[in-house]
Structures are given as structure tokens and as C-alpha cells.
Amino acid sequence: MRFDKLANINEAAPLISMEGIVKTYYEGQPEELEILHGIDLTVQEGEFLAIVGESGSGKSTLMNIIGVLDKPTKGLYCLDGLDMGLASRDAMSEIRNRKIGFIFQNFNLIGRTSALQNVELPMLYAGEPYSRRIRKAKDLLESVGMGDRIRHQPNELSGGQKQRVAIARALANDPSILLADEPTGALDSATSRIIMDLFHKLNREQHKTVILITHSKELAAECPRIVTIRDGYNVCDTKGAEYNDIS
Amino acid sequence: MIFLENIRLALSSLVANKLRALLTMLGIIIGISAVVAIVTVGDAMTGSVNQELQAFGGNNITVGLQQKKQPAAPSDGKGSSAAGADAANADSDDPVEPGEADLITPAMVGEYHSVFASQIKAISTSENLGSLELSNGKEKASVLIYGVNADYPKAEKLELVEGRMPTQTDMEESRSLAWVDEKFVTKYWGPREVPKNAIGKELNIELSGRMAKVYVAGVYRTSLNGGYSWGSEDTTKLLLPISLGKKLAGKPEGFNSITIMPATEADDVALQVNTDAFFSSYYTQNRHITAAATSNESYIKSMNKTMNQLKLAISAIAAISLLVGGIGVMNIMMVSVTERTREIGVRMALGAKGGLIRFQFVVEAIVICLIGGFIGVLAGIGLGIAGSHIISYPVRPSASAIVVAVSFSAAIGLFFGWYPAEKAARLDPIDALRYE
Ligand SMILES: Nc1ncnc2c1ncn2[C@@H]1O[C@H](COP(=O)(O)OP(=O)(O)O)[C@@H](O)[C@H]1O
Ligand SMILES: [Mg+2]
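Residues numbered from 1 in each chain as written. Chains lettered and ligands numbered in written order. Predicted model: local features only at pLDDT ≥ 70, side-chain atom pairs only at ≥ 80, totals over all residues. Heavy atoms only, no water.

With respect to the overall build of chain A
Along chain A, the regular secondary structure elements total eight helices and ten strands. Within chain A, buried positions represent 56% of all 247 residues. Looking at chain A alone, contacts between residues at least 24 apart form 70% of all its contacts between residues at least 6 apart. Roughly 11200 Å² of accessible area belongs to chain A as shown, and the carbon and sulfur atoms make up 48% of that amount. (Helix = DSSP H or I, 4+ residues; strand = E, 2+ residues; numbered from the N terminus. Buried < 20%, exposed > 50% of the residue type's maximum accessible area, 1.4 Å probe, protein only. Contact = heavy atoms within 4.5 Å. Areas by Shrake-Rupley, 256 points an atom, 1.4 Å probe, with all protein chains shown as cover.)

Description of the nonpolar core
Core analysis: the largest hydrophobic core is formed by 74 residues, its most contacted members being I16(A), M18(A), I51(A), I66(A), Y77(A) and L79(A). A per-element tally of this core places helix α13 (residues 354-390) of chain B first, with nine residues. Apart from the residues within four sequence positions on either side, M18(A) is in contact with I39(A), D40(A), L41(A), L62(A), I65(A), I66(A), L76(A) and Y77(A). The next biggest cluster of nonpolar side chains, apart from the first, holds 39 residues, and it includes F48(A), L116(A), F199(A) and L212(A). (Core = buried A, V, L, I, M, F, W, Y, C linked by side-chain atoms within 4.5 Å.)

Observations regarding the site of ligand 1
Within the structure, ligand 1 sits among Y25(A), Y26(A), I35(A), E54(A), S55(A), G56(A), S57(A), G58(A), K59(A), S60(A), T61(A) and R434(B). Neighbouring residues of ligand 1 are not confined to one chain but are distributed across chains A and B. T61(A) is positioned such that a nitrogen or oxygen atom in its side chain is 2.6 Å from an oxygen atom of ligand 1. Contact with the protein chains hides 75% of the accessible area of ligand 1, taken as 560 Å² for the molecule alone. Cavity membership is defined here by more than half of the atoms lying within 2 Å of grid points; on that basis ligand 1 lies in the largest pocket. Class assignment for the residues of the shell around ligand 1 results in three nonpolar, six polar and three charged. (Near = heavy atom within 4 Å. Polar contact = N/O pair within 3.5 Å; in protein donor to acceptor, adjacent residues only side chain to side chain. 1 Å grid on protein atoms, 1.4 Å probe; cavity = no way out; pocket = protein on both sides within 12 Å on 5 of 7 lines; lining within 4 Å. Sits in = over half its atoms within 2 Å of the grid points. Nonpolar A, V, L, I, M, F, W, Y, C, P; charged D, E, K, R; others polar.)

A word on the interface of chain B and chain A
Each side of the interface is counted separately: chain B has 27 residues, and chain A has 27 residues. When chain B packs against chain A, the two sides together hide about 2400 Å² of surface, and 57% of this comes from carbon and sulfur. Viewed at the interface, chain A and chain B are joined by one salt bridge. The residue E94(A) makes a salt bridge to K353(B) at a minimum N-O spacing of 3.1 Å. (Buried area = accessible area lost by both parts, 1.4 Å probe. Salt bridge = Lys/Arg side-chain N within 4 Å of Asp/Glu carboxyl O.)

Brief notes about empty space enclosed by the protein
Residues and elements named next belong to chain A. For the coordinates displayed, the defined rule picks out four cavities of 30 Å³ or more. The volume enclosed by the largest cavity comes to roughly 60 Å³. Elements supplying a minimum of two residues to the lining of the largest cavity: α3 (89-99), β6 (100-103) and α6 (159-170). Among the elements that line the lining of the largest cavity, the one with the most residues is β6, at three residues. Residues that form the lining of the largest cavity fall into these classes: seven nonpolar, three polar and two charged. If you add up the space inside the second largest cavity, you get close to 50 Å³. (Points joined across faces, edges and corners; volume = space filled by probe spheres on them.)

Re the packing of aromatic side chains
Residues and elements named next belong to chain B. Taken as a whole and assessed by the stated rule, the structure comprises twelve aromatic pairs over all chains. Ring plane angle 35° and centroid distance 5.1 Å describe the contact between Y112 and F279, whose orientation is recorded as tilted. With Y112 in helix α4 (residues 106-116) and F279 in helix α10 (residues 268-280), this pair connects stretches of sequence that are 167 residues apart. When the centroid spacing of 5.0 Å and the interplanar angle of 80° are considered together, the rings of F415 and F416 count as edge-to-face. An aromatic cluster is built from Y112, F116, F278, F279 and Y282, whose rings are joined through pairwise contacts. We note K237 situated over the ring of Y146; from NZ or CZ to the ring centre the distance is 4.5 Å. (Phe/Tyr/Trp six-rings, centres within 6.5 Å; stacked < 30°, edge-to-face > 60°. Lys NZ or Arg CZ within 6 Å of the ring centre and 35° of its normal.)

Structural notes on the pattern of salt bridges
All names here are of chain B. Scanning all chains against the criterion turns up 25 salt bridges over all chains. The closest approach of N and O atoms between D170 and R164, which form a salt bridge, is 2.8 Å. Taking the relative accessible area as the measure of exposure, R164 reaches 32% and is therefore partly exposed. Between D170 and R175 there is a salt bridge; the shortest N-O distance is 2.9 Å. Given the relative accessible area of 31%, R175 is considered partly exposed. One network of salt bridges, in which partners are shared, links R164, D170, E173 and R175.

Here we look at the confidence of the model for chain B
Residue and element names in this part refer to chain B. For chain B, per-residue confidence averages 84 on the pLDDT scale, and 90% of positions sit at 70 or higher. For residues 75-91, every residue scores under 50 in pLDDT, and the model assigns this stretch two contacts once sequence neighbours within four places are set aside. Confidence over residues 225-231 falls short of pLDDT 50; this stretch has ten contacts with residues more than four positions distant or in other chains. Both scores are given for the predicted complex: the pTM is 0.70, the ipTM 0.92. (pLDDT = per-residue confidence, 0-100.)

A few points about the environment of S158(A)
For S158(A), the location among the structural elements is in the loop between α5 (130-143) and α6. For the pair S158(A) and L187(A), spaced 29 residues apart in the sequence, the C-alpha separation amounts to 9.6 Å.

Comments concerning the layout of surface pockets
Volume-wise, the largest pocket comes out at about 860 Å³. S60(A), T61(A), N64(A), D181(A) and R434(B) are, among the 29 residues lining the largest pocket, the residues nearest its centre. Mapped onto the lining of the largest pocket, the elements with two or more residues apiece are β1 (16-25), β2 (33-43) and α2 (59-66) of chain A together with α15 (429-434) of chain B. For the lining of the largest pocket, the element with the most residues is α2(A), which contributes five residues. For the lining of the largest pocket, a count of residues per class yields nine nonpolar, ten polar and ten charged.

Re the packing of α6(A) against helix α7 (residues 189-206) of chain A
Residues and elements named next belong to chain A. Relative to each other, α6 and α7 sit at 15°, their axes nearing to 9 Å. As far as their axial angle goes, α7 and α6 are roughly parallel. Crossing handedness for the pair α6 and α7: right-handed. In contact with G160, Q163, R164 and I167 of α6, α7 contributes T191, I194, I195, L198, F199 and L202. Residue classes in the contact of α6 with α7 are distributed as six nonpolar, three polar and one charged. (Axes fitted to C-alpha atoms, helices over the stretch in contact; angles between N-to-C directions. Parallel < 35°, antiparallel > 145°, perpendicular 65-115°, else oblique. Left-handed = near helix turned anticlockwise from the far one by under 90°.)

What follows is the structure, given as C-alpha cells:
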């Protein structure tokens, strides 16, 4: 909440603003590996954005930085007008908890833990009281069409169902950004469709900023804006067919 | 609520790996059950020994005559003059019986009483005058005849059943009275005779060939519960006023030994030392004999000390078992952290701070140890109760030992769970998420 207040000081600040982001692995060692060579990216609240690029081009590395899981080696990243380069480890956890909803290719649900408890987790970490957690988690599971599976554990769910639970979990603390790294990569085309429709709906109806990382050109084509990464540079930033009307 | 959630998580991961969890807990279970069982059995042993000694005369101090230790021969142990040394040793080792002149006199006792009056409850003097078989034509009963003073019943913890106890006047006037055990009453006058009817009855006794008539003045009961019995089960003590007894048996006035019962508030150990000094001072000029004060107290203390050392030794073994158990817990927690690296990464991505991850794993380690500790306590109680029944002194398991054992097992969890938990907390979320 602290971060929201700070952000409001600068109304005009974009949700995400990246300038000259460089990421180097094994920095200072002989096998030093620069993956991102200076990415510039600005994302406004409510955008639906696809980041495309070949496998190994550095999409996931970029997503980790956007999602405040990692810090850039060089460059400035401001989220909601706040310089993420200055955030401590605990502050980064708190920002992830409040502002970012992650959706992974391999779902990453917590095992031996029901769908309901999975969705509760971010709220538990945010210190929400039990009754509110339960109510919200049930509502969210309902909204992704998983209302009848709340007691199921991950090993009792299909891939598409797991991903819907993961989306419900990503929405738990009402984050402004949904970060999805190849969310349909492990799903067949029919289930992929359901997941994509869910993202469209969330963007349209709840004004969520959705950043979809994918190597699939077809999926990217659905998005209003497409950023293409090649070998660690963002080479083009094209507008999709047209912006969805936000009102 | 995070705490409860963590306990739930810990339990569910234990349930998922039941056998692994049990094997991990084994060291803790063995260690804790050993501690609880040892403390319980140790309490039972100490209790039963103390009970017997208390019954025997608790903290009474006995002053008795003994032979003085002769200074050792100077050429002892060299072997060069074997024959000569042997002769000398034989001479000095010859037991010297206390003669009539060596006995503790009533004057000494009187003096002692006036000096230590505030520290003593009773001074009991008694003299074994021999055994006797009494017969009334129908029944027979064997008795040990004791001459006793008025303090004797108090010092020997006799309970009055009927009649009255011996008094100072009985002593001074050498009254022809006797006190008998309640068992004697039924034995001698028939099983249906009640102690009340025994009062005033006449008994014919014979001491050193002299016959005498005495009248039963009281019936007593010994409060010595088992443990020590004199001679056979049916031999009881028949008590006479000591003055009368000595007169009848033709014994000198002095005593071979006296028993002192310290006052409740007295320092028993100090009193024993002072008593010893008091009586031995009368024997400084005596070549062979001295008087020495001994007490059960010191025996009880050394017994307890041995017990405590034994407890300590076995507890050390239990501690080693707990240490090994703790290392086992640490090992399994390291495995658990590694296995769940990815889960840790996901939790961090969802906003769990490092501290919370550490907390989760510490709680898990503590839960493992507490469950192990709990099973260990139950097993220890079982073993302890069985053990205390074997030495037939049932005790309740010590609550403090249980509390200490359980908190100790939690402490083991905290101590040995900390490092793995810290390792989990320090994981980099990216590396954790990429972990395969
Ligand atoms: N933690 C890491 N340590 C070392 N190299 C890494 C790490 N993460 C990613 N890389 C490297 O960075 C490159 C880009 O990876 P990634 O961002 O996952 O690509 P993409 O998601 O576009 O397929 C790859 O060559 C990969 O080997
Ligand atoms: Mg990737």
C-alpha cells in the first residue's frame, strides 16, 4: 500500500518504465554472459502486451526483472514510479505480493495443498484474515470456472484446470500486473483458448495490465501490442489490430 | 495464522513421508524415552531406598563403642621382615571387647542431654537382654527381651495400641512392667484376643536364671513397614524398663550404644559431628576403645549421590542419542529444503519473505522433534512405570522431567532446523524457480 501512495505522487508515471536494461549472468567471471543488452520498454496501466522472441532470446530473463524477482545489472526500472533498483529483498517480496500476479508455463502450484489453499497463499503472505481469504479465494476460483474443484489438490487436476487455479492465485491480492510466461506452453489448443479468453476478459473487464510472454506468433497476434525481442535487444514494438476499448 | 498454516504444512509433509519421518524421529524418540524412563526408575529406586532407611530410623544418630585404630607399623608392606611384621599386625588386629569400664555411662548421657537439649528430641537407650520362649501351657511365643528407657518408643517410632508407654518414673522405680507387640498378643493369648484385654496380664520371664513376674502396661505396633525384621517373623520384642532389665540380667549400668533422635529443626550433619566429638572426648585416655557417632543420614546421602551419578551417566548417553537424533533431523531438513527448492521459489514469487520461509522450515523441524518427543515421553512413561513396578516402588512419572524432555526436543528442532531453514530463506527466487 505504501508503494501505491508513492506512485500517486506522479500521476503521469507509466506503470512500467525501463531504460537501458542490461542483464549479465556470471558477472565478473570468465564465463560472463550478457543476456539483455539494453532493453527500453514502457507499459501503461491496462495494456495487454505480448513479448515474443525465439527460445533463449531472454524473454524469461526480462520477465523476472519486470516481476521484481531479479534486478537488472544495468539500467533503470521503475514500477509505479518507484525505482526497483533500490528495493531491498524484503521490499521486493512485498511488491511482488501486492502488485504482480505470476502465471508460469508449468503452473507451479504448491503440491499437497488444495486449490483453495493455493489461492489463499498470497493473501496469507499479505496478512489477510482467514475469513476474508476464504471468501476471496472461493470467489476467484468461481470466476475462473473452478468453483467445483476447490478441495482438489494439484495432482488431481488437469493442466488447464491447474492453470486456471494459478490465474486465480495470481489475482488474489488484486495486482495491477499479470505476468504470464508461456502460460499455454504446456496446454493443448482448446485449453489454451480458454486461458487466453480469460486473459482477454480480465484485461477488458477488470482493467488488468497483462504481459504475455510467448514464442507463439498466433497468440501474440491476438494482443493489442507486441514487443519482439531478438538476441537480447527489443527490435520492434508493433501495435496489434487495435487497442481494446478501456472504460 | 501463518503459524497454524505452517503447522498444517509441516504435518502434511510428514504424512506424505511417514516412514522417513518416523526414521528421522527415532533418535529423538529413543533419547527422550530414555531420559523419562531413567528419571522415573531413578525416582523409584531412591524412593524405595529412602523409605527403607527412614523406616529403619531415618536420621537417627547412633553412638556406639568401637576399637581404636592403632597406628600402622612403620615397616609395613616392604616384605623384608615378613615374620616380624606379621606378628606385630596380628597383635594390633586382635579385637578388644569393650569392658565394663569402657561403657557409655548414664552420667555421660545426662551431660550430653543437658548440653544438646535444644537439638534433640529423644535419647533412646536400650539393652538386648536375650531371647526367651514364653509359654502359658497352650500357646508359645518367642520374644527378644529388651531393656529400654522412656525415649525408646519415640526413637524407634513405636505406635501405642493400648495401655501406655514407658515413663521416666517406670525407670526410676524399676517397676515390674512390660510392653508387648500387638502380634505377640494374638500369638500368645490366641488369635481372638484383643490388645485391650492384654493390659495388666501377668508374664513370667526368666533372665540369667532369675525368674520374675512382669505386668503388661502397654501394647505397641512397629511402624517399620517391612524391610527389616529381627529374626523370624513371629519373634517380637518384649520391652522392660531398662533399670529393671539390667537388674534382672545382672548387667552393668553403662551402655554399648545409644540412639539419638535429632529435633526436626536441628542440622543433622552438624549434630552428628558434635555428638561424635562429645562422646569421643571421654575416651581420649582409653587405649583401645572409643565412642563414635554414626547416622543413616550420611548413608542416605551417599546412596542418593550414587543414584544421581547413575542418572547423570545414563542421561549423558541419552543426550548423545538426542544429539544423533538432532543431526538426523537436520539431515532430513536439508533433504526437504532441496526437494522443495522449487516450491520455495514459488512461495517467494508469491511474496513470501525470507523470514517467513525460514519460519516455515523451523516450525517443520520443531514439529518433527515434538512429535518424536511426545512419542518418546509416552514410551518413557511406559518403560518407567514398568521399571518402577519391577523394583516394587511405584512412582508417578516426574512431570518436570516430561516438561523438560518435551521442551528439550523442541529446542533440538529449533537448533538443528535453523541451518536448513536459513539455507531455504537465503535461496535466490530465480534460482529456486529454475531448480530441476
Ligand atoms: N540463472 C541463469 N544463469 C545463467 N544463465 C541463464 C540464467 N537464466 C537464463 N540464462 C540464460 O539466458 C538466456 C536466455 O534465457 P531465457 O530468458 O530463459 O530465454 P527465453 O525465456 O526467451 O527462452 C539463455 O541462454 C539462458 O541459458
Ligand atoms: Mg522462457
